[in-house]
Each structure stands twice: as structure tokens, then as C-alpha cells.
Amino acid sequence: MQHLKTKQYGPVKAFELGYHWPGLPTFTVHIYYIDGLLIDTGQYNCRQTVLSLFKQMPLQQIALTHWHEDHIGNVSTLYNHFHPVVFAHPLTAEKVRQGFDVMLYEKYFFGKIRPQDIPMQTLPEVIQTSKYSFVPIYTPGHSDDHHVYLEPNEGWLFSGDLFVSQRIKVFRKGENIWQQIDSLKRVLDEDFDKVFCAHNPQVEFGRKSLERKLDYFESFTEQVCFWYNQGYKTAEIIQKMALKDKKMINLMTGYDVSVHWMVGSVIKHLPVQL
């Protein structure tokens, strides 16, 4: 069952997409449309809903934040029907063109990912629409290709998965917390107040939400480093910090999402910081 909820934030349209059977979805994705530009394309499982949206609105450009399946799932469907210009980081473009395997839980929530052989352009310094200017900012950590898009004149930040929550409890395998800290600092050097997150929009106190996430990450890494320097290993640090190892999430995701990856990220990448 495909789920759609439309939200309007001034001239920005947000489409909240989800897939679940039965009942309401437990995991949703936001895509954003402004002045002919679409930021991310949502999950493949919601392709019919996404396609129907743009039969009613002009779609001239697409900007992708990163390669994960809930962000690029409908780029070829939209391109084949409407032929917009598609902007992406080279790694994002490579993943889209080659396709990639997804785990069982990802297939359920988001759908299969197939190779999508469509033309894509490298991200320019500015993506221009008729009314607005969007500046891509490189923000790795969640993924190696992650970008956010800043509209400096309006104070809008389209943040992909940079935010998600002020207090992240688990990491996806392969995330780098130190890079995320650097990315948060880089973005907070800019002037903005509204954060259009792919999963949790923060339109009232966007800057404050990112500042709180940065404070939390810095405190988290400090605590992990303290226990690591005392000679404790990941599983022991989780106990020392009284972190909740959510076994249901571990089981459901095949251990692809876990508190272990979050603590482990601090330790794994620690030498880079010294």
C-alpha cells in the first residue's frame, strides 16, 4: 500500500511517502519540490504515487542528495516520463547507473533497485531555477557522496539524511560519525533557519536542531573515547554507556542497523582524528 501526505511550507511542497501492508507505514521519506526542482525521488515502492504527482506539475530538474535506495528509487521513472535535468555527485551517478543489491528489509520498505541508465550531470556550484538558487554542500559521513542543498537567500537547507534526529540511537553499517561531525560544522557555518530533512522536517527551529545534534555527537564521541582509552571494547562500551541494543532492529535489518555500528564508528575512525 502506497502512502502519500502532502505538506506545504510556503513555496516548498513536501511529499511524505511510505509503503506498508497492512496499515500505515512505519518508515517514511520526504521529497521536496520547489519551482520546477525536485530534491530526491523517494522509494521505488511508491513509484506510481510519485509519477502521478508530476503529471500535474512541471518537473524541470532533479537534485539527488546521495545514493541510498529511498532517495534515488524513482529517478529513472521520472526521467523517462518528463526528461528533467538530473544533478548528482559522481558516486551517486555511478550507483544509479550500475544498480546495487539491497537487503531484505530495504526491499520491503523501499523496493528493488535496478540499473538506471540515464544521463546525469555533475553538481554545479549553483543549481538555478527561475526564482531560486541552490548551493550544493558536500557533507559526507552518512554516505561518501552525501550533499545538502542551501538556498541562502531564503534560509532553506534541504538536508537529505544529515539531520534525521537530534539524538540518533543507531547507525547504518558504514557510517562515519567523525565525518558527520565535520559536515554538521560545515553546514552550521552557513546562514539558514529551515531544515527540510528527508525523514523529519525541522521548519521551525532548524538551525537549533542541527546544533543540538552536533552537541550530542560531540558528547557521544567523547564518552566512547573515554571508555575506549580505558581498554574497553565496543560491546563493553555499550554497557558502560547504558545504550540500548535494540535486538528487534538488529534482527529486522540483518544487523545492518545497530548501536554497535555507531559506537564502532567512533573507534574505527579514531586515528584519523589524532
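Residues numbered from 1 in each chain as written. Predicted model: local features only at pLDDT ≥ 70, side-chain atom pairs only at ≥ 80, totals over all residues. Heavy atoms only, no water.

This part is about helix α3 (residues 75–82). Along α3, the residues that are buried comprise V75, S76, T77, L78 and Y79. Against the buried residues of α3 lie β4 (37–39), α1 (47–53), β5 (61–63), α2 (69–72), β6 (85–88) and α4 (90–98). Remark: H83 follows α3 within two positions and exhibits a positive phi of approximately 55°. (Buried < 20%, exposed > 50% of the residue type's maximum accessible area, 1.4 Å probe, protein only. Helix = DSSP H or I, 4+ residues; strand = E, 2+ residues; numbered from the N terminus. Contact = heavy atoms within 4.5 Å.)

This brings us to the side chain of N176. Topologically, N176 is positioned in the loop between β12 (171–172) and α6 (177–188). Judged by relative accessible area, N176 falls into the buried class, the value being 10%. Polar side-chain contacts of N176 include one of 3.0 Å to the backbone nitrogen of W178. The contacts of N176, once residues within four sequence positions are left out, are G141, F171, S265 and H269. (Polar contact = N/O pair within 3.5 Å; in protein donor to acceptor, adjacent residues only side chain to side chain.)

Before going further, it helps to examine the sheet that holds strand β7 (residues 121–122). As summarised here, the arrangement of the 7 strands in space is β1-β2-β3-β4-β5-β6-β7, forming an open sheet in which the pairing is mixed. Each edge of the open sheet carries a strand with a single partner, namely β1 (2–9) and β7. Relative to β5, β4 runs parallel, the two being bridged by 3 bridges. Its bridge partner lying in β5, I39 is registered against A63. (Pairing = 2+ DSSP bridges.)

The next subject is the packing of aromatic side chains. Evaluation of the coordinates by the stated rule reveals 21 aromatic pairs. Across the ring face of Y44, the terminal group of R47 is positioned such that the distance to the ring centre comes to 4.1 Å. Positioned above the aromatic ring of F192, the side-chain terminus of R207 is 4.6 Å from the ring centre. (Phe/Tyr/Trp six-rings, centres within 6.5 Å; stacked < 30°, edge-to-face > 60°. Lys NZ or Arg CZ within 6 Å of the ring centre and 35° of its normal.)

Scanning the entire structure with this criterion turns up 6 salt bridges. Note that E106 and R172 form a salt bridge whose closest N and O atoms lie 2.9 Å from each other. Here E106, found in helix α5 (residues 104–109), pairs with R172, found in strand β12; they are 66 residues apart in sequence, far enough to count as distant. Accessibility classification places E106 together with R172 in one group, the buried group. (Salt bridge = Lys/Arg side-chain N within 4 Å of Asp/Glu carboxyl O.)

Turning our eyes to something else, we now look at the UniProt feature "domain: Metallo-beta-lactamase" (unreviewed entry) in the chain. On the UniProt side, "domain: Metallo-beta-lactamase" (unreviewed entry) is annotated at positions that read residues 28–199 here. Between the C-alpha atoms that bound residues 28–199 there is a distance of 6 Å. The span itself is 27% helix and 25% strand. (UniProt positions renumbered as here; feature names shortened; annotations may be inferred.)

This paragraph deals with the packing of helix α7 (residues 206–229) against helix α10 (residues 259–268). For the pair α7 and α10, the least separation of the axes is 10 Å and the interaxial angle reads 70°. Compared by their axis directions, α7 and α10 come out roughly perpendicular. Across the interface between the two elements, Y216, F217, F220, T221, V224, C225 and Y228 of α7 pack against M262, V263, V266 and I267 of α10. (Axes fitted to C-alpha atoms, helices over the stretch in contact; angles between N-to-C directions. Parallel < 35°, antiparallel > 145°, perpendicular 65-115°, else oblique.)

A word on unusual backbone geometry. Although it is not a glycine, D40 sits at a positive phi angle of roughly 70°. Within the fold, D40 resides in the loop between β4 and α1. The phi dihedral of A242 falls on the positive side, at around 55°, and the residue is not glycine. As for its placement among the helices and strands, A242 is situated in the loop between α8 (234–240) and α9 (247–252).

This brings us to the nonpolar core. Judged by nonpolar contacts, the single largest core of 33 residues is most densely connected at L210, F217 and F220. If you list the elements that add at least two residues to this core, you get β10 (147–151), α6, β13 (194–197), α7, α8 and α10. Considering each element in turn, this core owes the most residues, 7 residues, to α7. Those residues in contact with F217 that lie beyond four places of it in its chain are I168, F171, I177, Q180, I181, L184 and M262. Counting 27 residues, the second largest nonpolar core, distinct from the first, contains I31, L38, I72 and V96. (Core = buried A, V, L, I, M, F, W, Y, C linked by side-chain atoms within 4.5 Å.)

Before going further, it helps to spend a moment on the environment of L157. Mapped onto the fold, L157 is located in strand β11 (residues 156–160). A sequence separation of 111 residues divides L157 from C46, and the C-alpha atoms of the two residues are 25 Å apart. What L157 contacts, discounting residues up to four positions off in sequence, is V148, Y149, L150, V187, F192, K194, V195, F196 and L210.

As a further point, take a negative patch on the surface. Taken together, D189, E190, D191 and D193 make up a surface patch of like negative charges. Inspection of the secondary structure puts D191 in the loop between α6 and β13. (Patch = residues over 30% accessible without salt bridge, like charges linked within 9 Å, V, L, I, M, F, W, Y side chains within 5 Å. Areas by Shrake-Rupley, 256 points an atom, 1.4 Å probe, with all protein chains shown as cover. Lys, Arg positive; Asp, Glu negative; His and termini not counted. Charge placed at Lys NZ, Arg CZ, Asp CG, Glu CD.)

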